[in-house]
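Below, each chain spelled out in residue letters.
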Amino acid sequence: MHDALNGCRIGRLTAAGLGCLALVAPAAEEKPLWELGAGVAAFSFPYYRGSDQTDHFVLPVPYFTYHGDFFKADRHGIRGSFFDSDRVDLSVSLALSPPGLSDDIRARAGMPNLDATFEIGPQMDITLWRSENRSRFVKLLLPLRAAFTVESSPRDIGWVFHPRLNLDLTDLPGMPNWKLGLLGGVVFGNQRQNAYYYTVAPQYATPTRPAYQAAGGYAGTQYLAALSKRFPKFWFGAFVRYDNLDGATFDDSPLVRQKNYFAAGLSLSWILGESSTRVQVDD
């Protein structure tokens, strides 16, 4: 689930990771080594955090899960696990964000387009609490990702640190096999990261959009709730996210047109094939 559930960037494609959540549950569940499928997703997101314009779109999405010893792809995102103990997991965190055309964004009219971006870096997950049957847990997620533009000559646009708490609940009362994920945390970006989205260079200044230089540091808070269920032949997931930019180092940028907003999405995917090999998975 700028960052599915990609694990739940909580951002536009990280949220596209939906295809980007008892009372009684086993400690480990037997699942296919891999599953493949396809589906459709609908999303409503601002063009960037702080934009006062919303982009609504529907797009096809792949469905893919893999439960290998190192590489894993599931409702928690796509990652490579370097270290996995009973309480601490060190993995690779990935995120994608699509481009934004300045012709479509009033606040950025006449400015360069926002390129698609790719983020990669380590993530440490620390289990703070879990139920005896492992159906419920609280984790501290600590992803630190370097960001790059996706173009013929990629540019380094800084890094993002997004620590957050994650509460996962499986088999909700009256809703067997449904999974609920709640996440909340703060966002930090260095100067290059914040400047990429919120700086206004002097040559792009206008009477209503003064020149502005964004600083690095605190970039607001994000909260996300996601609900999902794996049916025999298909998977359904939905989420809602709330962002608040009050107090961010760039909240006085002329490109910040609203400081708090909601975003949402849902996805329905059909399972087209799966591995005959079964593996034990602690979800």
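Residues numbered from 1 in each chain as written. Predicted model: local features only at pLDDT ≥ 70, side-chain atom pairs only at ≥ 80, totals over all residues. Heavy atoms only, no water.

### Remarks on the overall build of the protein chain
Point 1. Each helix and strand in the protein chain was counted, giving 2 helices and 15 strands.
Point 2. Counting all 283 residues of the protein chain, 51% fall into the buried class.
Point 3. With an accessible surface of roughly 12,900 Å², the protein chain has 63% of that area assigned to carbon and sulfur atoms. (Helix = DSSP H or I, 4+ residues; strand = E, 2+ residues; numbered from the N terminus. Buried < 20%, exposed > 50% of the residue type's maximum accessible area, 1.4 Å probe, protein only. Areas by Shrake-Rupley, 256 points an atom, 1.4 Å probe, with all protein chains shown as cover.)

### Here's the deal with the confidence of the model for the protein chain
Point 1. Residues of the protein chain with pLDDT of at least 70 account for 83%, and the chain-wide mean is 85.
Point 2. In this model residues 1-27 is a low-confidence stretch, pLDDT under 50, and it forms 141 contacts with partners more than four residues away in sequence or in other chains. (pLDDT = per-residue confidence, 0-100. Contact = heavy atoms within 4.5 Å.)

### Topic: a nonpolar patch on the surface
Point 1. Taken together, the side chains of Leu-96, Phe-118, Ile-120, Phe-148 and Val-150 make up a nonpolar region of the molecular surface, amounting to roughly 380 Å² of accessible area.
Point 2. Tracing the chain through its elements places Ile-120 in strand S7 (residues 117-130).
Point 3. On the basis of relative accessible area, Ile-120 is assigned to the partly exposed category, the value being 36%. (Patch = residues over 30% accessible without salt bridge, like charges linked within 9 Å, V, L, I, M, F, W, Y side chains within 5 Å. Salt bridge = Lys/Arg side-chain N within 4 Å of Asp/Glu carboxyl O.)

### A few points about the nonpolar core
Point 1. By size, the foremost hydrophobic cluster in this structure holds 22 residues, and its most contacted members are Tyr-48, Tyr-197, Tyr-198, Phe-250 and Leu-255.
Point 2. Here this core gets 3 residues from one element, more than from any other, and that element is helix H2 (residues 191-198).
Point 3. Other than its neighbours up to four places away in sequence, Tyr-48 contacts Ile-105, Ala-107, Arg-108, Leu-114, Tyr-197, Tyr-198 and Leu-255.
Point 4. With 11 residues, the next largest nonpolar core counts Phe-45, Leu-141, Leu-183 and Phe-239 among its residues. (Core = buried A, V, L, I, M, F, W, Y, C linked by side-chain atoms within 4.5 Å.)

### A few points about the environment of Ala-147
Point 1. Relative to the helices and strands, Ala-147 resides in strand S8 (residues 136-149).
Point 2. Measuring from C-alpha to C-alpha, the distance between Ala-147 and Trp-159 comes to 5.5 Å, with 12 residues separating the pair along the chain.
Point 3. What Ala-147 contacts, discounting residues up to four positions off in sequence, is Phe-118, Glu-119, Arg-155, Asp-156, Ile-157, Gly-158, Trp-159 and Gln-193.

### What to know about the pattern of salt bridges
It is possible for side chains bearing opposite charge to pair when their charged atoms get close.
Point 1. Scanning the model with the defined rule gives 10 salt bridges in all.
Point 2. Of the charged contacts, one joins Arg-192 and Asp-156 as a salt bridge, the two residues approaching to 3.0 Å between their closest N and O atoms. Note that Arg-192 is positioned in helix H2 and Asp-156 in strand S9 (residues 156-161), a separation of 36 residues in sequence.
Point 3. Salt bridges sharing common partners tie together Glu-35, Arg-230, Glu-274 and Arg-278.

### Remarks on the side chain of His-162
Point 1. Structurally, the position occupied by His-162 is in the loop between S9 and strand S10 (164-172).
Point 2. A distance of 3.1 Å separates a polar atom in the side chain of His-162 from a polar atom in the side chain of Gln-222. (Polar contact = N/O pair within 3.5 Å; in protein donor to acceptor, adjacent residues only side chain to side chain.)

### Looking at the environment of Pro-122
Point 1. Within the fold, Pro-122 resides in strand S7.
Point 2. The exposure class of Pro-122 is partly exposed, given its relative accessible area of 48%.
Point 3. Along the primary structure Pro-122 and Leu-90 are separated by 32 residues, whereas in three dimensions their C-alpha atoms are 7.1 Å apart.
Point 4. Residues contacting Pro-122, with those up to four places away along its chain left out, are Leu-90, Ser-91, Leu-142, Pro-143 and Leu-144.

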